[in-house]
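Overview (structure and organization)
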Amino acid sequence: MASLFFTSPIDLDIKFDDEESRKNIEIKSKNGKKDNYFLYKDGETVNGTVRVQVKDGKSVEHTGIKIQLFGTTEISNGQKDDFLTLSHDLAPPSVLNHSVTYNFSFKDVEKRYESYKGKNIIVNYYVKVTVLRKNSDITKIKKFWVHLYSNPTDLKKSIKLDIGIENCLHIEFEYSKSTYGLKDVIVGRIYFLLTRLKIKHMEISLITRETVGIQPNQLNDSNTIRYEIMDGSPVKGETIPIRLFLGGYDLTPTSKTNQFNVKNYISLVIIDEDGRRYFKQSEIILFRPST
Amino acid sequence: MLVLAIGDLHIPHRSLKKLLTPGKISQVLCLGNVTSSPSTLEFLQNISPDFQLVKGEFDENTGLPLSLVITHGSLRIGFTNGYTVVPRNDPLSLLTLARQLNADVLIWGSSHKVEAYTLEGKFFINPGSATGAFSTEWPDLDEFEESREEVKQAETLQNGNKEDSGNDEALAAKTEELDINDNGNENSTDKDGYDGEHIHPKEQDRPVHSVSDDEEEEDGDDDDLYSTIPSFTLLDIQGTTITLYIYTYINGEVKVDKVSYRKPLDED
Amino acid sequence: MTETTISPEEQNQLLQDSIKVIQRETNAMRKCLESKGRLMDALKHASNFLTELRASQLTPKQYYELYIIVYDSLNLLAQFLKDNHPHHHLSDLYELVQYAGNIVPRLYLMITVGTVYMTIPDAPVKEIMKDMIEMCRGVQYPIRGLFLRYYLSQRTKTILPQENLDSIQFIITNFIEMNKLWVRLQHQGPSREKDKRLKEREELKILVGSNLVRISQLENYDFEYYKTDILPTIIEQIIQCKDVLAQEYLLDVIIQVFPDEFHLKTLDELLQCIKKLNPAVDYKKIFINLIDRLTNFIKREEITELSDIADFNLFDKLWDYIKEFELINEFQVYELNLLLESITKLSLIFYPKKYENIDLVLRFAIEKAKELELDEQKENFSSLLLMPVDNLSKPSKILKLQNFSELLNLQPAKVNKQLSLIILDRLLSQNFRISNLQTLNGLFSLFKIIINDKNNDNNANYANEQEKIGKLIHLISNKKDVTIHSKLLTQAKNFLNGGNIKFTYPSIFFNTLKLIRFNPESQIVNSLFKFMSRLINELFRIGLIELSFKLHLAGAQLSDQIKLEEISYEFFAQCFTVYEESISDSRLQYQSIVSIIGVLQQTRNFTRENYDTLITKTALYGSKLLKKPDQCRSVYFASHLWWGVEIPALGEEEGISEFYRDGKRVLECLQRALRVADACMDSVVSIELFIEILNRCLYYFIHGNENITVKYINGLIELIQTNVDSLAEENNTNLELPKKHFLRTLDYINTQKEIDERFQLISR
C-alpha cells in the first residue's frame, strides 16, 4: 500500500534457490486469474536469496534487514493466526548505497498444514523480507505452496453397504477402497436385490466439506462433484459398475487441524421418476500420495 | 380374318386331349360332337364370341342344325358334321351337298381324318378330330398295320415311354407361338392345287426311351399309338382367297401345313 | 411414466429440436476438429449433441432417426482420431472422455474412442472390449440402452479380433444384455399401452437379432464350439427371458442365420429349447420353420446320403417330438395340419421312398380326424393331403400310401370332393396310364366321392366333374396284355355302376372298342363285345335310348370291320329294335335312319343274304317315316345301299375293286323317292326334293349306273322345269332357293359336258 504513495528507494526481490527446477503449482485466485507458486513439502528446507537494490545511487539507512517465514490461517470472519513464524537477520543496521544480495535458509521447516484455499479459511505460507527503518519499513513477501504427502497403509479396506427401503429397494454396493489418492480411481459396483422403485437415474456425488472452528461458531462449506453412473431402472439381479477417475478434479486431501478440517464423502444418489432422491453417504479419505 | 374349323372332340367319351387357345380368331365353326362336355363347349365359345355349331352324331340336342352356311364377302362356307352325308366322306356326295348348300367351301367331319382338296372349283376341308378321338370308321389300312406293328415293337422294348408329358399344353403353347400370317413358316408346304391326298405324315422316328426306374410301369404308354392324330384347321380368309393352315400333332410336336384356295371367277 | 402423455405433434417437435441441436453441435465439432489443438472443444461439442440421445419422450422410430444422425457425426470424430493418432494419445483420451458427467454421452464417447484405440498396434484390445461392454451396464433405460449397445456392436463390427473366442463372448454378452433391455421395454409405461409397446418392440427387434447375425458371420469358431458354448448360451437366454415375442423372433433368427448343417446336428438342443418356451409362444411356427429350413437345405444341397450329416433318423426324431408335443397341447386341426404338412414335406424330400413315414403321419391325422370336429373352411386336412400329391415324383404314387384314401374320406364331403378333383386333375395332366388292377382299385376308391355323386341336377359343373372320370377311364390301358386291359375295364365298370353311368359308361365302351380294334384276333373279343352289350343295355335301362342306339351302331360298325359278321348283325338288329321300339322323335328317327345307312353302306363283311336283309329293312324304315321330305330323302339315301363305292382307307379303287351294286334297285329307290316328293302338299318342297333327286341321278350317271339313263334325267329336268314354270305364275317367292339350286345343277351338267361326253346328250 505504502508504495502507492511513496516511491520506495529500494527494490526487494526474493528468489528461491532452485526456481528453475522446482515444481510449480497453479492456483486460481479470487478474480479468476491463475497464480503460480513454487511447491514445497513438509520438512523441506526453504532457502534462497534476497536482493536489495538501491535506486539511482541513493543511499538508504536502515536499522537491520531480516527474513521471516510464516505459516498463517485466515478465516473469513477476519480472524488470523500465524501458526508458524521463523525469522533470521540478514544484515545489521547500516547504510546501503549499492545493491546487495543476501542468502537465506530456513532449514528443515516443519509445515503442519497444506496450503489451502477454501471458502471460509485460507492456509498460506510465505517468506517475508523486511528492511527496518525508522519511519517505515520496506517489506516484500513471496508466497509458496505446501503439499503434504502421505502414504496410508490401510488402503485395502473397502466400503461395503447393504441398504434399502422396505419392500421397495434393496441394494448392496461396494467401493473397493475407503482411502484414495488424489489421482486414484474409485471403482465399485451396485447390486440390485430388489427394485420396485422406478429409478430415473443414479449418480455418485463426491463431496468435499470444510469445517472451521468449533460449535456454535462453526463455519461449514462443501463442494460437490456429481457423476451419473446409471440411466434408467434396472431389474432385480442387475449389477451396475462404478468408476470415477479422481485425477481430473481439483480435490483436497482429507485433513484435520485444531482450527479446521476438510473431509471427503462419496454419496450414492438414486433419483426416482418423481424426482425423489435417495442417498447413502460414506466418508472416504483422500490423500496426496508421495510420488 | 381367321376362322377356326374344328370338330369331333368327343370329350370325355373318347379322348382326353385338350385343345388350343389361339388368339386372333374371329369365328369358330364347330362340326359337333361336343355337347356332352360343358367345359369343352365353354372353352370353344371362349375362343371367339362368334361360335357356330352344327349337330354331331353324338350330340343330344336335336335342335341343332345339321348344316349351316356362313358367308364372308362373296365366299360361302358350308359346314356339317358329315354323318348325314351318304355315302360318307365320298367326294361326289360332298360335292352334291356343296351344290345344294350353294357353298364354295364345304367343311365336314366325322371321319377323324384331316384332309383338304379342291374339286370342281370348290374347296373341301375335313379338320379331323381336334382331340385325336378314336374313330369307328374304317382305319387307313396301311397306317393301321403300321401302328399295330409299332405297338408290338413297344411291347418288346421294355416299358416304351415317351417323355413328353402334357401333350395338350404343348399343343396349346406351340399354337400360340405361331404367327398365323407368317407365310415364311418352315413347316408349311405351299401347295397350290392340292391334289386331295390325305395329310398323314409318316414319320417313323418315334422316340423310345428305356426307363430304369422300377416303378414306371404305370405310365409311359403312348396313347397316340391307338388313336387318330389330333388336328384342326385355321382358315385365313382374304377376299376370295383362303389360306388353310392344317395343324397336326404328331409325336409330341405340332406340325403346320398350308394349302391355298381361290374361288374361281364367275364365268358370266 | 410421464413421457407417454405427450402428443405426437409435441413428440415431433422434440425430434426436430433435437435434430437442430445435433446439427449445430456437429458443425461446431467439425470446425474444432479442423483447427489445431481444439480437440477438447470438439469433444465438448460431441458431448453436447450426444446429450440429445438422453431423450425419453420419442418413439423408437424417432429415436432411431436421432441415432442415425448421431452415428454419422461420431463417425467424423472417429475418423479424425484415427487419422491423428498418435497426436492424441488414445489411452489418455479414453480416460479423459470418462469425465463426462452424464452416462449416455460418456459411453458413446468412450466407445468411439475405445474402438479407434483398439485398432492401433499393441492396444490392449481385450481389456478395452471388456471395459466397454461392462460399462454399458450403466444404461438400463431400454431404448437408450439398446441403441447404445447397438452402437457398440456397429463400431466393433469390423475390428473384433478374428483369432480368438473373446469376440464371440463379447457379442454374446451384448446380445444377452440387449435382449434383456428389449424384453424389459414391454413392461415400461401403463399396461393399457401394452399393444403399442409390442408394436414398438417389433420395430426394434432387428437390433437384438443383429447380434446373432454377427456371430453367424464370424469364422472364429467351429461347430464344436457352437454346440457346446454359443448355442447353449443363446438358448438359455431365450428360455430365461420368458418373453413371447423374443422367443419367437430369436429362435427364428437362430434357425435362419446359422448353417442348416448345424441345425441338423443340434436338433436335440433346438427341440429341447422349443419345449421350454413360454406356453403362449407359437412354437409350431418355429418348429415348422425349422423343418422347412432343413427340408430346403436337403433340397438345395441335393444331399442324398443323410448319414453324412446326421447319424440319426431325422424323421423319427421329429416325429417323436411332434407326438410328445401333442400329448401336452391342445391342437386346432389347422395348426396340427401345418405341423404335419411340414414333416410330411420333409419326409418326402429326405426319404422320398419311405412311404411308411407318410402313412404314419396320415394315420395320426386319421386318429385326430376321428376325435375332432372337422369343418369345410379351416379345420380339415386338405393341405396335408395335397402335400404328397404335390411332392411325390408323380401324383399317382399316392396310391402307395395306405392311409391316404382313409383320411381323404374322413374329410367333410365338400372338402373330400374338392381334393379328389384336384388330385384327379393332377393325374390327368400326367403322362400316365392305369395298367394294373392295383392302380385302378386305388384310384377308383380314391375318387369314390366323385364317382358316386348322383347329383342329378345336370348342371354344367356336375357334368364337368363327371367328365374328369371319363378322362380317367381313358387312362386305362395295358398294351402288353389284352386280358389285363379287359379286366381293368370290367373292374372300372364295377366301380362306376354306383354312380351316374351316363357320363362314364360311354368312355368304357369306347376304351373297349379301341382295345378290340387293336386286338381283333384276341380270344376274348367275343366276351368284350358282350361286355359292351351289357354296358349299352344298362344305359338303355336308365332311359338313354338315343345313346344306346348310337353305341349299338358303333359296335356294329367295328365288329363288321373285324369280320365278326354275326356280332355285327346282332348289333344292327339291336339298333333296329331300339329304333323301332323307343325312338319316337321324328327328327331323331330320320337322323337315325341316315346314320344306319351311312354305316351300313360302308360295311364289307356281310354275306349277301344278311346284307340284303339289313338294307331292305333300313330302306323300309326310311319309307315309313312320318314326314314326306324325311321319307323322300331317306329313300334316296337308301339307294346308296345298293351302290357300293370305294373306301380309300381300304385301298379300294373305282374300276378295279369289286363293289356290291344293283343299279336296278337304285333306280327303284329313286323312283320311290320321286313319288314321295310328288306327293308333298307344298309344291316348293316338291321341287326342291325333285332337284335333290336329280342330283342323286347325276351321281349315279357319273358312276355309270346304266339304269339311270339320259332320258330319265332329261325327263326329270323337264318335270322340274314344268313345275317351276307353273309356280312362277303364282309368283311364289319361296321358289327362289330351289330355282337357284336347279340352276346350279344345270350349270354343273354344262360344265360336265366338257369333261364327259355322255353329258352332252343331256338336254339344255
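Criteria and thresholds
Residues numbered from 1 in each chain as written. Chains lettered and ligands numbered in written order. Predicted model: local features only at pLDDT ≥ 70, side-chain atom pairs only at ≥ 80, totals over all residues. Helix = DSSP H or I, 4+ residues; strand = E, 2+ residues; numbered from the N terminus. Buried ≥ 20, exposed ≤ 12 C-beta atoms within 10 Å, placed from the backbone. Contact = placed C-beta atoms within 7 Å. Nonpolar A, V, L, I, M, F, W, Y, C, P; charged D, E, K, R; others polar. Pairing = 2+ DSSP bridges. Axes fitted to C-alpha atoms, helices over the stretch in contact; angles between N-to-C directions. Expected span 1.5 Å × (residues − 1). pLDDT = per-residue confidence, 0-100.

What chain C contains, in helices and strands, is 35 helices and 0 strands. In chain C, which comprises 764 residues, the proportion classed as buried is 45%. Here the contacts in chain C between residues at least 6 apart in sequence split such that 71% fall between residues at least 24 apart.

With 59 residues of chain C in contact, the opposing surface of chain B contributes 43 residues. When contributions to the side of chain C that touches chain B are tallied by element, the ones reaching two or more residues are α23 (460-473), α25 (501-518), α27 (545-561), α29 (586-601), α33 (683-703) and α35 (736-755) of chain C. In terms of residue count, the dominant contributor to the side of chain C that touches chain B is α29(C) (8 residues). Residues that form the side of chain C that touches chain B fall into these classes: 22 nonpolar, 24 polar and 13 charged.

Moving on to the pairing of strand β10 (residues 231-238) of chain B. Residue and element names in this part refer to chain B. For β10, the buried fraction is high: 6 of the 8 residues fall into the buried class. Sheet analysis places strand β1 (residues 2-6) next to β10, joined by 4 bridges and oriented antiparallel. Counted as the bridge partner of Ala5 is Thr233 from β10. Note: β10 against strand β11 (residues 241-250), 8 bridges, orientation antiparallel.

All names here are of chain A. In space, the 4 strands of this open sheet follow the order β13-β14-β16-β19, with antiparallel pairing throughout. Because the sheet does not close on itself, it has two edges, and the strands there are β13 (159-165) and β19 (239-245). Ignoring which end each strand starts from, the neighbouring axes of this sheet average 20° apart. Pairing between strand β14 (residues 169-175) and strand β16 (residues 185-195): 7 bridges, direction antiparallel. Bridge pairing links Tyr175 to Gly188 in β16.

All names here are of chain A. Pairing of strand β6 (residues 64-75) with strand β11 (residues 121-132) involves 12 bridges; the strand directions are antiparallel. If you follow Thr72 over to β11, its bridge partner there is Asn124. Bridging between β6 and strand β7 (residues 80-91) involves 10 bridges; their strand directions are antiparallel. Its bridge partner being in β7, Phe70 is matched across the sheet by Thr85.

What follows deals with α33(C). For α33(C), which comprises 21 residues, the first-to-last C-alpha distance of 30 Å matches the rise-based estimate of 30 Å (1.5 Å per residue) to within 8%. Backbone geometry just after α33(C) places Gly704(C) at a positive phi near 85°.

Turning our attention to the interface of chain C and chain A. In this complex, chain C contributes 18 residues to the contact, which on the side of chain A involves 17 residues. Of all the secondary-structure elements, those providing two or more residues to the side of chain C that touches chain A are α5 (103-119), α6 (125-135) and α7 (142-156) of chain C. Residue composition of the side of chain C that touches chain A, grouped by class: 7 nonpolar, 6 polar and 5 charged.

Turning our attention to the sheet that holds strand β6 (residues 105-108) of chain B. Residue and element names in this part refer to chain B. Here we have 5 strands laid out as an open sheet, ordered β4-β5-β6-β8-β7, and mixed in their pairing. The sheet is open, and its two edges are formed by β4 (67-72) and β7 (114-119), each paired on a single side. Shown here is a sheet whose adjacent strand axes are inclined to one another by a mean of 15°, direction ignored. Where β4 and strand β5 (residues 75-80) come together, 6 bridges link them in antiparallel fashion. The residue of β5 that forms the bridge with Leu68 is Phe79. Across the sheet, helix α2 (residues 91-101) lies against β4, β5, β6, β7 and β8 (122-127), angled at about 120° from β6, the strand it touches most.

Residue and element names in this part refer to chain C. Of all residues in chain C, 97% have pLDDT values of 70 or greater, and the mean over the chain is 91. Summarising per-element confidence for chain C, the mean pLDDT is lowest in helix α15 (residues 314-328) (82) and highest in helix α31 (residues 628-638) (97). Model confidence for the complex: the whole-complex pTM is 0.69, and ipTM, which rates the interface, is 0.65.

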